[in-house]
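Structural overview
Below are the chains, spelled out letter by letter.
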Amino acid sequence: MQEQAPTIYIVDDDEGVRNSLRFLLKSVGLATRVHASANEFLGAYKPKQPGCLVLDVRMPGMSGLELQQQLNLLGAIIPVIFITGHGDIPMAVEAMQHGAADFLQKPFRDQDLIDRIQRALERDTRSRAALAQLDRIRACFDSLTPREREVLALMTRGKLNKVMAAELGVSQRTVEIHRARVMEKTGAASLAQLVRMAMDLESEPATL
Amino acid sequence: MKADSNGQLHHDVGMSAEPPHGGSGGDREKQQPPAALHGRLLQVSRMATIGEMAAGVAHELNQPLTAIANYAQACSRLLARPGADPAELRQALAEITGQATRAADIVRRLRALARNQQSERVPASVNALVREIIDLLESDTRLHGVPLSLELADGLPLVVVDGGQIQHVVMNFVRNSLEALAAQPSGESRLLIRTSVTTQHDVELAVIDNGPGLAPDALGHVFDPFFSTKESGTGMGLAISNTIARLHGGSVGYRPNPPTGACFYLHLPSQPTP
Ligand SMILES: Nc1ncnc2c1ncn2[C@@H]1O[C@H](COP(=O)(O)OP(=O)(O)OP(=O)(O)O)[C@@H](O)[C@H]1O
Ligand SMILES: [Mg+2]
């Protein structure tokens with residue numbers, strides 16, 4: 001799953017533009033999927049599939065901008081490259097404010113598009129790696145027993161073993177054992193790293 | 001108030017006179033426009049959206065052009081590699097032909113549309129042409145809170161014109177005036193449409209406002225295509241009006257309206273009275 005080849009999703013209501021994009025990207029060896037509408041894309045979209053989205057701003061039905069907002073709501077991380085007609089610059093600016101990776105005015109130089117796709121794919125790889133890392137941490141933390149979790153909470157607050165023992169009503173020796181299990185299960189090399197992992201988990205919603 | 005040659009009432013208002021009450025609409029007999037007139041109005045409003053249409057056509061044309069560029073660029077990439085597959089190249093070339101045909105179709109449709117609007121010139125009364133679109137104009141002026149007055153001269157000679165095109169010029173003038181007036185406090189804004197005969201025996205149709213008038217550096221350029229001082233202006237309004245005037249053997253022009261304001265006028269050669 002890690003090394004899946006990226007897919008370039010192309011969403012444009014214009015069949016001519018859509019197919020020409022597919023042909024162009026294929027000629028440089030990129031895998032594509034084309035969709036004629038935002039809804040069609042949403043129906044086929046697999047969040048786990050790495051890639052990026054090349055999206056027409058202006059489409060009947062759900063516009064490119066609306067699709068972008070929908071994806072933001074879903075917590076999707078797929079980078080979006082907007083392609084726009086001449087009159088659509090204000091829309092493109094709005095799209096950028098909502099986190100679009102890039103935009104291009106039609107017609108464009110093929111190299112410009114390919115460069116932007118490359119950049120978007122790198123960005124996608126980075127965010128997926130970060131998310132995968134978080135998933136790993138979450139799995140480790142999930143494997144803790146309730147008592148170990150209590151110890152973890154106290155550890156991240158910097159409590160000493162003696163204090164923990166008193167708070168939990170157990171011996172200091174027992175605390176030490178739990179502590180060692182926490183470090184082992186989470187794979188944290190130090191208390192500082194453990195605290196960072198716990199903070200990362202808290203700040204990130206569980207989405208892909 | 002006075003009655004013009006057709007017995008219709010209108011306000012007799014100079015730009016410095018008292019504000020007219022409620023524009024000219026109140027006194028006019030209200031009647032349903034006959035079918036022919038209705039068609040004319042539709043055509044006028046269709047022409048009024050010529051800017052929007054141009055934007056739409058630009059977008060339409062841009063699509064096949066984008067596709068063609070994509071295919072052509074893909075072909076050069078494929079050709080740059082040894083052992084390019086001729087079948088693949090042939091497919092792209094066929095697509096290019098298809099998209100070029102599509103672009104040509106769009107142009108053909110546009111031409112057909114223009115042909116539909118090709119002028120048919122008949123003897124007409126400029127006053128009657130103005131009255132035909134008065135509802136349209138008033139809905140605009142009312143929206144801007146600007147009282148509209150009419151001063152339509154009695155006994156004007158007829159002109160041989162495409163009425164829709166002349167009405168288009170009036171609408172351009174009026175819209176420009178309203179946009180110029182929008183910049184100043186309402187309540188003081190005045191707008192007047194006046195018809196008269198010039199010393200050269202042309203029929204003059206003037207749209208007069210008491211807005212800021214033209215800045216000196218705009219004077220020589222307002223009739224140029226794409227000259228606009230507005231953020232969202234196409235600068236085509238007066239250029240199209242100029243073309244229409246010339247096509248009719250007439251002219252458009254500007255003179256200031258002292259102490260402040262603009263007067264844009266259209267001159268049309270008059271039909272020698274039989
Ligand atoms: N009544 C007026 N008072 C002052 N300036 C005017 C008036 N009418 C036209 N102008 C000036 O002339 C310019 C050109 O007018 P024109 O109608 O050709 O284009 P526009 O009004 O700017 O754009 P569009 O017609 O597409 O909205 C305007 O931008 C404005 O600066
Ligand atoms: Mg204008």
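Residues numbered from 1 in each chain as written. Chains lettered and ligands numbered in written order. Predicted model: local features only at pLDDT ≥ 70, side-chain atom pairs only at ≥ 80, totals over all residues. Heavy atoms only, no water.

**Structural notes on the site of ligand 1**
Residue and element names in this part refer to chain B. Put simply, the rule is: Nearness is judged by heavy atoms alone; a residue qualifies as near a molecule or strand once a single heavy atom is within 4 Å of it. We call two N or O atoms a polar contact when they sit within 3.5 Å, provided that within protein one can donate a hydrogen and the other can accept it, with sequence-adjacent residues counted only if both atoms are side-chain atoms. Computed by Shrake-Rupley with a 1.4 Å probe, the accessible areas treat only the displayed protein chains as cover when residues are assessed. Counting from the N terminus, the helices are the DSSP runs of H or I reaching at least four residues and the strands are the DSSP runs of E reaching at least two.
By nearness alone, 19 residues border ligand 1, and Asn176, Ser228, Thr229, Lys230 and Thr234 come closest of all. A distance of 2.8 Å separates an oxygen atom of ligand 1 from a polar backbone atom of Leu238. In isolation ligand 1 exposes 590 Å². Once the protein is present, 89% of that is buried. Put simply, the parts of the chain that give the shell around ligand 1 at least two residues each are helix H6 (163-181), helix H7 (237-247) and strand E9 (262-269). Examining the composition of the shell around ligand 1, we find that four residues originate from one element, H6, more than from any other.

**Structural notes on the packing of helix H6 (residues 146-156) of chain A against helix H8 (residues 172-186) of chain A**
All names here are of chain A. Worth spelling out the cut-off: Fitted lines through C-alpha atoms serve as axes, helices being fitted only where they are in contact, and the angles separating the N-to-C directions of these axes extend from 0 to 180 degrees. When describing relative orientation, an angle under 35 degrees is termed roughly parallel and one over 145 degrees roughly antiparallel, while 65 to 115 degrees is termed roughly perpendicular and anything else oblique. What makes two residues a contact is simply this: any of their non-hydrogen atoms within 4.5 Å. Asp, Glu, Lys and Arg are counted as charged, while Ala, Val, Leu, Ile, Met, Phe, Trp, Tyr, Cys and Pro are counted as nonpolar; the rest, among them Gly, fall into the polar class.
Orientation of H6 relative to H8, taken along the N-to-C sense of each, is 90°, at an axis distance of 9 Å. One way to sum up the angle between H6 and H8 is to call them roughly perpendicular. Taken together, the residues of H8 that come into contact with H6 (itself represented by Arg147, Glu148, Val151, Leu152 and Met155) are His178, Arg179, Arg181, Val182, Met183 and Lys185. Taken together, the residues of the contact of H6 with H8 break down into five nonpolar, one polar and five charged.

**Side note on the side chain of Ser20 of chain A**
Inspection of the secondary structure assignment puts Ser20 of chain A in helix H1 (residues 15-27). Reaching out from Ser20 of chain A, the side chain makes a polar contact with the side chain of Asn70 of chain B at a distance of 3.0 Å. Apart from the residues lying within four places of it in its own chain, the contact partners of Ser20 of chain A are Thr66, Ala67, Asn70 and Tyr71 of chain B.

**As for the environment of Val170 of chain A**
Within the secondary structure layout, Val170 of chain A lies in the loop between helix H7 (161-168) and H8. Setting aside residues up to four positions removed in sequence, Val170 of chain A forms contacts with Arg147, Ala165 and Val175 of chain A.

**Examining unusual backbone geometry**
As a rule of thumb, non-glycine residues mostly have phi less than zero, and peptide bonds are mostly trans rather than cis. The peptide bond linking Lys106 of chain A to Pro107 of chain A adopts the cis configuration, its omega dihedral lying at -15°. Structurally, Pro107 of chain A is set in the loop between strand E5 (102-105) and helix H5 (110-142). A cis amide bond links Pro258 of chain B to the next residue, Pro259 of chain B, at an omega of 5°. Tracing the backbone shows Pro259 of chain B in the loop between strand E8 (251-256) and E9.

**So, the confidence of the model for chain B**
Do not read the fine detail of predicted coordinates wherever pLDDT is low. All names here are of chain B. Heads up, the condition is: As a per-residue quantity, pLDDT reports the predictor's confidence and falls between 0 and 100.
When pLDDT is averaged along chain B, the result is 79, and 76% of the positions lie at 70 or above. Here residues 1-46 scores under 50 on pLDDT; set against residues more than four positions off or in separate chains, the count is 75 contacts. Interface confidence for the predicted complex, given as ipTM, is 0.73, next to a pTM of 0.53.

**Some remarks on the interface of chain A and chain B**
Which entries qualify depends on this criterion: Salt bridges are identified by distance alone: a Lys or Arg side-chain nitrogen within 4 Å of an Asp or Glu carboxyl oxygen.
The partner chain B presents 19 residues to the 21 residues of chain A that form the contact. Across the contact surface, chain A and chain B share three salt bridges. Here Arg102 of chain B ties to Asp14 of chain A by a salt bridge, and the two come within 2.4 Å at their closest N and O atoms. Here chain A and chain B share 10 residue pairs in polar contact (both at pLDDT 80 or more) between them. Ranked by residues supplied to the side of chain A that touches chain B, first place goes to H1 of chain A with nine residues. Its residues assigned to classes, the side of chain A that touches chain B shows eight nonpolar, seven polar and six charged.

**Brief notes about H6 of chain B**
Residues and elements named next belong to chain B. The line we're drawing: The span expected for a helix works out to 1.5 Å for each residue beyond the first. The classification of residues rests on relative accessible area computed with a 1.4 Å probe and restricted to protein chains. Under 20% of the type maximum is buried, over 50% is exposed, and intermediate values are partly exposed.
Given a rise of 1.5 Å per residue, 19 residues ought to cover 27 Å, and the 27 Å separating the end C-alpha atoms of H6 matches this to within 8%. Of all 19 residues that make up H6, 15 are buried, and the element is covered over most of its length. Backbone nitrogen of Gly164 and a side-chain oxygen of the N-cap are separated by 3.0 Å at the start of H6; the cap is Asp162.

**Focus: the packing of aromatic side chains**
Which entries qualify depends on this criterion: When the centres of two rings from Phe, Tyr and Trp lie within 6.5 Å, Trp using its six-membered ring, the rings pair. Their planes under 30 degrees apart give stacked, over 60 give edge-to-face, and anything left gives tilted.
Tallied over the full model, the rule gives seven aromatic pairs over all chains. Here the aromatic cluster, defined as three or more aromatic residues joined through ring pairs, consists of Phe173, Phe223, Tyr254 and Phe264 of chain B.

**What to know about the nonpolar core**
Residues and elements named next belong to chain B. Here is the rule: For our purposes a nonpolar core is just a set of buried Ala, Val, Leu, Ile, Met, Phe, Trp, Tyr and Cys residues, chained together by side-chain atoms within 4.5 Å.
The biggest cluster of nonpolar side chains holds 40 residues, and the ones touching the most others in it are Leu137, Phe173, Val174, Ile193, Leu205, Phe264 and Leu266. It is H6 that contributes the most residues to this core, eight residues altogether. Not counting residues within four places of it along the chain, the set of residues in contact with Leu205 comprises Val126, Val130, Val170, Ile193, Arg194, Thr195, Phe264, Tyr265 and Leu266.

**Some details on the sheet that holds E9 of chain B**
Residue and element names in this part refer to chain B. Convention followed: Should DSSP find at least two bridges between two strands, the strands are taken to pair.
Ordered in space as E4-E6-E7-E9-E8, the five strands form an open sheet in which the pairing is mixed. At either end of the open sheet lies a strand with only one pairing partner, and these are strand E4 (148-152) and E8. Pairs of neighbouring strands in the sheet enclose a mean axial angle of 15°, with direction left out of account. Pairing of E8 with E9 involves six bridges; the strand directions are antiparallel. Residue pairing across strands places Tyr254 opposite Phe264, the latter belonging to E9.

**Structural notes on the pattern of salt bridges**
Residues and elements named next belong to chain A. Counting across every chain of the model gives 19 salt bridges over all chains. Residues Asp124 and Arg128 are paired through a salt bridge, measuring 2.9 Å at the closest nitrogen-oxygen approach. With Asp124 and Arg128 both in helix H5, this residue pair falls four residues apart, about one helical turn. Each member of the pair, Asp124 as well as Arg128, is classed as buried. A salt bridge links Lys185 to Glu148; the nearest nitrogen and oxygen atoms lie 2.9 Å apart.

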